[in-house]
Amino acid sequence: MSVKQEDQLKEKILNVARKNPKGISHKDITAAIPDISSAELVTAINELLQQEYFDLFNQNGALLYRLKTQVNKQAVKGADNEEKVVFNLIEEAGNKGIWIREIRIRSNLANTQLTKVLKSLESKKLIKAVKCVNASKKKVYMLYNLEPDRSISGGAWYQDQDFESEFVDILNVQCLRFLNQRSDKIKNNPRGPIVGRTQSYATASEVQKYITDLGISKVQLDVEDVITILNTLVYDGKAESSVYPDGSKVYRSIDPLIPAPGLVQVPCGVCPLVHKCSTTGLITPQECTYMTEWLE
């Protein structure tokens, strides 16, 4: 392969990375560039890493290459002064973004000129406009490869700016279910009630793993997300929290002051697959593990 062909291949890989700001794997590259050989891929990736185009991550055992911010600076080098000024202002704002009004004031550009510059940068996939959950009619601008801060996106509890109350309710019930199961397992502990009470506590990480294994969430939930749900259980009087000597916070279920409604107690009342459940097919009451556990 000639030097020119190598440069063309590296540019193709960079274009794939620009379209996938969260990172790309070897599989993503070969899917986008099917005629690339394994040897050519390894050589091109190694050169791009040496030239500091990528940050390298390990995700579930697979290598992930994420485009560095300075690569965007190289892409904007040939742009006019207005684009450079606007790009720099947006870069400074980080993942919290910047309002168009602030860009206009700080860049001293007219509305029509600024709109043209923003559209140009967006078309080059250098920046993106993100809607803010606490101001639905306004958008903030940030670098294309950044994930919006939770104060902007609302985190896991928002989808297209709408608060997913049903999703939160399901997580609330499943987190409590896990804590109840933990408490049930240690009842009548032969080592005594004090040891049993200690063993009934669970960390937020343990609850997060349980929720992840259930597969009921379409988004990746962080430990902080689960802590938010667990804290609502504490506020509702369904759980209590404590702190271990090492400083880690733990949670355990407690008997509520008011019994839960019957519908909540039945798995069907909170099951995310209830609309797909029928007497025939893959999902049936007869094969439901949740129903079996509840009836035992």
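By the naming in an unreviewed UniProt entry, the chain is DNA-directed RNA polymerase III subunit RPC6, taken from Arctia plantaginis. Listed in UniProt under the heading Subcellular location (unreviewed entry), the comment for the chain reads: "Nucleus". UniProt, in its Function (unreviewed entry) section for the chain, records the words "DNA-dependent RNA polymerase catalyzes the transcription of DNA into RNA using the four ribonucleoside triphosphates as substrates. Specific peripheric component of RNA polymerase III which synthesizes small RNAs, such as 5S rRNA and tRNAs."

Once that is clear, we can look at the nonpolar core. Formed by 21 residues in total, the largest nonpolar core has its most connected members in Leu171, Cys175, Leu179, Val207, Ile211, Leu230 and Leu233. Contributions of two or more residues to this core are made by helix 9 (165-185), helix 11 (204-214) and helix 12 (223-235). The element that contributes the greatest number of residues to this core is helix 9, accounting for 8 residues. Each residue touching Leu179, except ones within four places of it in the same chain, is listed here: Ala202, Val207, Leu230, Leu233, Ala239, Tyr251, Arg252 and Ser253.

Here Lys96 shows up in the loop between helix 5 (81-93) and strand 3 (98-99). Separated by 44 residues in the primary sequence, Lys96 and Val140 have C-alpha atoms spaced 7.9 Å apart. Those residues in contact with Lys96 that lie beyond four places of it in its chain are Val140, Met142, Asp149, Ser151 and Ile152.

A few words on the pattern of salt bridges. Applying the stated criterion across every chain, the model contains 8 salt bridges. With a closest N to O distance of 3.0 Å, Glu92 and Arg106 form a salt bridge. Residue Glu92 is located in helix 5, and its partner Arg106 is located in helix 6 (residues 100-107); the two are separated by 14 residues in the primary sequence. Taking relative accessible area as the criterion, Arg106 reaches 44% and is therefore assigned partly exposed. In this structure, Arg252 engages Glu240 in a salt bridge whose closest nitrogen and oxygen atoms are separated by 2.9 Å. Residue Arg252 is found in strand 10 (residues 249-253), and its partner Glu240 is found in strand 9 (residues 239-243); the two are separated by 12 residues along the sequence. Residue classification places Arg252 among the buried residues on the basis of a relative accessible area of 16%. The network of salt bridges with shared partners includes Asp7, Lys10 and Glu47.

Cut-offs applied
- Residues numbered from 1 in each chain as written.
- Predicted model: local features only at pLDDT ≥ 70, side-chain atom pairs only at ≥ 80, totals over all residues.
- Heavy atoms only, no water.
- UniProt positions renumbered as here; feature names shortened; annotations may be inferred.
- Core = buried A, V, L, I, M, F, W, Y, C linked by side-chain atoms within 4.5 Å.
- Buried < 20%, exposed > 50% of the residue type's maximum accessible area, 1.4 Å probe, protein only.
- Helix = DSSP H or I, 4+ residues; strand = E, 2+ residues; numbered from the N terminus.
- Contact = heavy atoms within 4.5 Å.
- Salt bridge = Lys/Arg side-chain N within 4 Å of Asp/Glu carboxyl O.

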